[in-house]
Amino acid sequence: MTFHSEFDGQTAVVTGGTRGLGRAITRAFLDAGALVHATYHSGEATATAFRESLGEERERLVLHRFDVAKYDEVQRFWETLESNSQSSVQVLVNNAGIRRDAVLGMMKPEDWDSVLATNLSGSFHMSKFAVQNMLRARYGRILFVTSPAASFGFQGQANYSASKAGQIGLMRSLAREVARKKITANCISPGFIDTELLADLSEDAKRAHLASVPMGRFGDPAEVAYAVLALASRKASYINGTTLEVTGGI
């Protein structure tokens, strides 16, 4: 299955869309013809360098810097988006996420709060306004990038695991609410993918994670982006309320 021109004339919003998985997802939508609004919270130089690396496709990439954890900033983003465009948004990918790992007994309250605020509340904030936008056109695809941590509960990641499990519950409720409006909501659950989130792990941790993957390798961001585009396509009209694992079999 290829996505050449699949998203011509469509608009996608990708949170955390300028590095790691988000960068690959943004690039995939651009390659498939979409206009992409990629958001980021920090890393101005990285975001700008990404856009400049795209050649002619950079004309279809719009960068926005704000914090998805802040409701008022998210509201401002959607108001600006709608005031500058006559068309609706067809795709939202809730990809923005952070980790603040520590065993539960030593976890700082602020690290619990910040992870839940970005990963879970950020998904709520963005999805709320996306639904309002999509309802006008009675069409949309809302995706959440979750994690196997939602069910496995990796050691030292109670906050991250809780936020990712929360995304799945949020998605399931949303999928029921908007299905009759031709809007779908689904999750993508990437396993151990070769991004900067793996780079900050110890070598021992990397070896342990790799040993748990039946395919014997870490995933490539482009493999996750492929799954995102599949669920975001118009052809995925009867896939709703599900979680697609991209984990190599863990």
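Just so you know, these numbers come straight off a predicted model, no measurement behind them.

Each value, and the rule that gives it
- Residues numbered from 1 in each chain as written.
- Predicted model: local features only at pLDDT ≥ 70, side-chain atom pairs only at ≥ 80, totals over all residues.
- Heavy atoms only, no water.
- Pairing = 2+ DSSP bridges.
- Helix = DSSP H or I, 4+ residues; strand = E, 2+ residues; numbered from the N terminus.
- Axes fitted to C-alpha atoms, helices over the stretch in contact; angles between N-to-C directions.
- Phe/Tyr/Trp six-rings, centres within 6.5 Å; stacked < 30°, edge-to-face > 60°.
- Buried < 20%, exposed > 50% of the residue type's maximum accessible area, 1.4 Å probe, protein only.
- Lys NZ or Arg CZ within 6 Å of the ring centre and 35° of its normal.

Draft legend 1. Just the sheet that holds strand E6 (residues 183-190), in detail. As summarised here, the arrangement of the seven strands in space is E3-E2-E1-E4-E5-E6-E7, forming an open sheet in which the pairing is parallel. Strands at the two margins of the open sheet, each flanked by one partner only, are strand E3 (61-65) and strand E7 (243-246). When the angles between neighbouring strand axes are averaged without regard to direction, this sheet yields 20°. Bridge count for strand E2 (residues 35-40) against E3 is five bridges, and the pairing is parallel. Looking at the pairing, Ala38 lines up with Leu63 of E3.

Draft legend 2. Structural detail: the packing of aromatic side chains. Counted by the stated rule, this structure contains eight aromatic pairs. With 5.1 Å between their ring centres and 80° between their planes, Phe7 and Phe29 make a pair best called edge-to-face. Here Phe29 lies in helix H1 (residues 20-31) and Phe7 lies in the segment before strand E1 (11-14), a separation of 22 residues in the sequence. Accessibility assignment for this pair places Phe7 and Phe29 in one class, buried. What links up through ring pairs into an aromatic cluster is the set Phe152, Phe154, Phe192 and Phe218. The positively charged end of Arg234 is found above the aromatic ring belonging to Tyr139, 4.2 Å away from the centroid.

Note that all results are geometric; they support no functional claim without further evidence.
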